Amino acid sequence: MSEDSTTTTRRTVDVIVIGAGPVGENAADRAVRGGLSTVIVERELVGGECSYWACMPSKALLRSGQVLRAAKAVPGAAEAITGELDVPAVLARRDSFTSNWDDAGQVRWLDSAHIDLVRGHGRLSGEREVTVTGPEGEVTILTANHAVVVATGSIATVPKIPGIEEAGAWTSREITAAQSVPPRLAIIGGGVVGTEMATAFASLGSEVTLIARGTLLAGLEDFAGEYVADGLRELGVTVHTGTSTDRIERASSGEVTIVTSAGEVHADEVVVATGRGANTRDLGLESIGLTPGDWLSVDDTLLVEGFDWLYGVGDVNHRALLTHQGKYQARAAGDVIAARASGSALSTEPWGIHVATADHGAVPQVVFTDPEVAAVGPTAEQATRAGHSVRVVDYNLGWVAGSSLSRDGYTGKARLVVDTDREVILGATFVGPEVAELVQTATTAIVGEIPLARLWHAVPAYPTVSEIWLRLLEEYGRPTAESRR
């Protein structure tokens, strides 16, 4: 690109962050708090995918149905319910959480945090250099004294199914931003996005069909996907697992036909939720010897392998595609950049302040289906494959007093994966209504490597759902004086 002095500006700052989602914002904030001048580059909305097309709008769409079903499961409250969901009100509430796709509030936060914003498409153009093409074609060439942080996240991948483009298939962006509820909705993919949106739109009145090539929620404990499949069917969703999609056709009438190994599915809209890819295709990676479209491989300080100035945080490094985990990485990265810039001592040992150790075995996640799934750490199979001596402890969540008080007919399951050599928890999974809040205790126990014998002294309040912890410990067995020697 030729440089025109009337349209090209050059700036030098300490740190450049590409991507103004929650991950980029946290990395920039920590760098500024460390005394470094920082510019953040964003070509869409400040606040990123999570704020406008993922975490916030999707959970807003789910919440109203969750509350209504909870009330219907409690006698006394159930009799007071005289109607169904107010769909326009649900959509309006969703819009409020996205600020109607206006990022003015997020920009004000950047200003208050002393983070400069450059709007436009940022591309790496050399060592410590980012070239930004602005909305009006103006060019800003940024040079970093210390670091460039890539926080561009991930994008929905669209499989090569014949007819998928011609049919105008939606991705996670279109479904979370939908301005009306399709009468019939087909969803291809049995992961988190697929199961959550099937739950949300079935609650909103769609006739939903979910098509999954394998099981639901692969990668979690098998029982999680089984419970969620049952829950979806109770909501009226038609669930096809072990089913391939062969082609998609949209007729002139607008009807979509999905041809699968289980037969034809007819819908008004089709959503593809089959995975995520690295958002690095148009990032200028080739200018520094990397391959466009690839994930960025990083060490525990989030430094890209082979570089001393380039960092990859959040989804883009493929360590844990979760907003909260990306923000955790970003805090470590911003702090380590500031420490390296000032020559301060680094804390890069496991669990040090400048590393993202939790990525390797203490990643919590929640699937906001009905029932919910909350999990952290490896599954039993994953822990066994990793070479641990494992014992699995299961308990029926419906047998806990707090669960039965919360609603009639409570069903669910809890599992601990225990390292029997060290007598500590490696992983935990909870499936049931409103179990999301249980996962933090499990995360704390795993990160702190709290011995099971000590956990007996963490007495859960009665009658709460958290009493599941006592029941799981009882299933494992109370320690004896001999066992503690």
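Residues numbered from 1 in each chain as written. Predicted model: local features only at pLDDT ≥ 70, side-chain atom pairs only at ≥ 80, totals over all residues. Heavy atoms only, no water.

(A) Representation of the overall build of the protein. Across its full length, the protein holds 14 helices and 21 strands. In terms of overall dimensions, the protein has a C-alpha envelope of 75 × 70 × 40 Å along the principal axes. Each of the 485 residues in the protein was classed as buried or not, and the buried ones make up 51%. Sequence-distant contacts in the protein: of pairs separated by 6 or more residues, those separated by 24 or more amount to 62%. Total accessible area computed for the protein in this model is approximately 21,600 Å², and 49% of it derives from carbon and sulfur atoms. Of note, the protein has its 39 positive side-chain charges centred 4 Å away from the centre of its 62 negative side-chain charges. (Helix = DSSP H or I, 4+ residues; strand = E, 2+ residues; numbered from the N terminus. Buried < 20%, exposed > 50% of the residue type's maximum accessible area, 1.4 Å probe, protein only. Contact = heavy atoms within 4.5 Å. Areas by Shrake-Rupley, 256 points an atom, 1.4 Å probe, with all protein chains shown as cover. Lys, Arg positive; Asp, Glu negative; His and termini not counted. Charge placed at Lys NZ, Arg CZ, Asp CG, Glu CD.)

(B) Local environment of the environment of S389. Positionally, S389 belongs in the loop between α10 (380-385) and β19 (390-396). Overall, the relative accessible area of 29% leaves S389 in the partly exposed class. Expressed as a C-alpha distance, the spacing of S389 and V418, which sit 29 residues apart in the sequence, is 8.1 Å. Those residues in contact with S389, other than ones at most four positions away along the chain, are V418, D419, T420 and D421. Reaching out from S389, the side chain makes a polar contact with the side chain of D421 at a distance of 3.2 Å. (Polar contact = N/O pair within 3.5 Å; in protein donor to acceptor, adjacent residues only side chain to side chain.)

(C) Summary view of unusual backbone geometry. Omega for the peptide link from D370 to P371 comes to 10°, which places this bond in the cis form. By the element assignment, P371 lies in the loop between β17 (364-367) and β18 (372-376). The linkage connecting Y462 with the following residue, P463, adopts the cis geometry, with an omega of -5°. In this structure, P463 sits in the loop between α13 (452-455) and α14 (468-476). Of note, the phi angle at S99 is positive, near 55°, even though the residue is not glycine. With respect to the helices and strands, the residue S99 is situated in the loop between α4 (87-97) and α5 (104-112). Notably, N100 is not glycine yet its phi reads approximately 55°, a positive angle. With respect to the element layout, N100 can be found in the loop between α4 and α5. On the basis of relative accessibility, which here comes to 55%, the residue N100 falls in the exposed class.

(D) Seen up close, the sheet that holds β19. Taken together, the five strands give an open sheet; going across it, the order is β17-β18-β21-β20-β19, and neighbouring strands pair in antiparallel fashion. This sheet does not close on itself; its edge strands, each paired only once, are β17 and β19. Strand after strand, the sheet turns through a mean of 10° between neighbouring axes, direction not considered. Taken together, the seven bridges between β19 and strand β20 (residues 413-419) define a ladder with antiparallel strand orientation. Across the sheet, residue D394 finds its bridge partner in β20, namely R415. Contacting β18, β20 and β21 (424-432), helix α8 (residues 222-234) crosses the sheet at an angle of about 10° to β21. Taken strand by strand, helix α12 (residues 439-447) contacts β17, β18 and β21, and its axis lies near 170° from that of β21. (Pairing = 2+ DSSP bridges. Axes fitted to C-alpha atoms, helices over the stretch in contact; angles between N-to-C directions.)

(E) Examining helix α9 (residues 323-342) more closely. The terminal C-alpha atoms of α9 lie 29 Å apart, and with 20 residues this matches the ideal 28 Å at 1.5 Å per residue to within 8%. All of the buried residues in α9 are Q325, G326, Q329, A330, A332, A333, G334, V336, I337, A338 and A339. Where the residues of α9 are buried, they touch β1 (8-18), α1 (22-33), β6 (139-150), β16 (310-312) and β17. Looking one or two residues past α9, G343 carries a phi angle of roughly 75°, positive in sign. (Expected span 1.5 Å × (residues − 1).)

(F) Highlighting the nonpolar core. One finds L124, V148 and L310 to be the most contacted residues of the largest nonpolar core, which totals 52 residues. Secondary structure elements with two or more residues in this core: β1, α1, β2 (38-42), α5, β5 (129-133), β6, β16 and α9. In this structure, L124 is in contact with I18, E129, V130, V148, L283, G284, L285, S287, I288, W309 and L310, ignoring residues within four places of it in sequence. Counting 33 residues, the second-largest nonpolar core is a separate cluster that includes L61, A178, A212 and L220. (Core = buried A, V, L, I, M, F, W, Y, C linked by side-chain atoms within 4.5 Å.)

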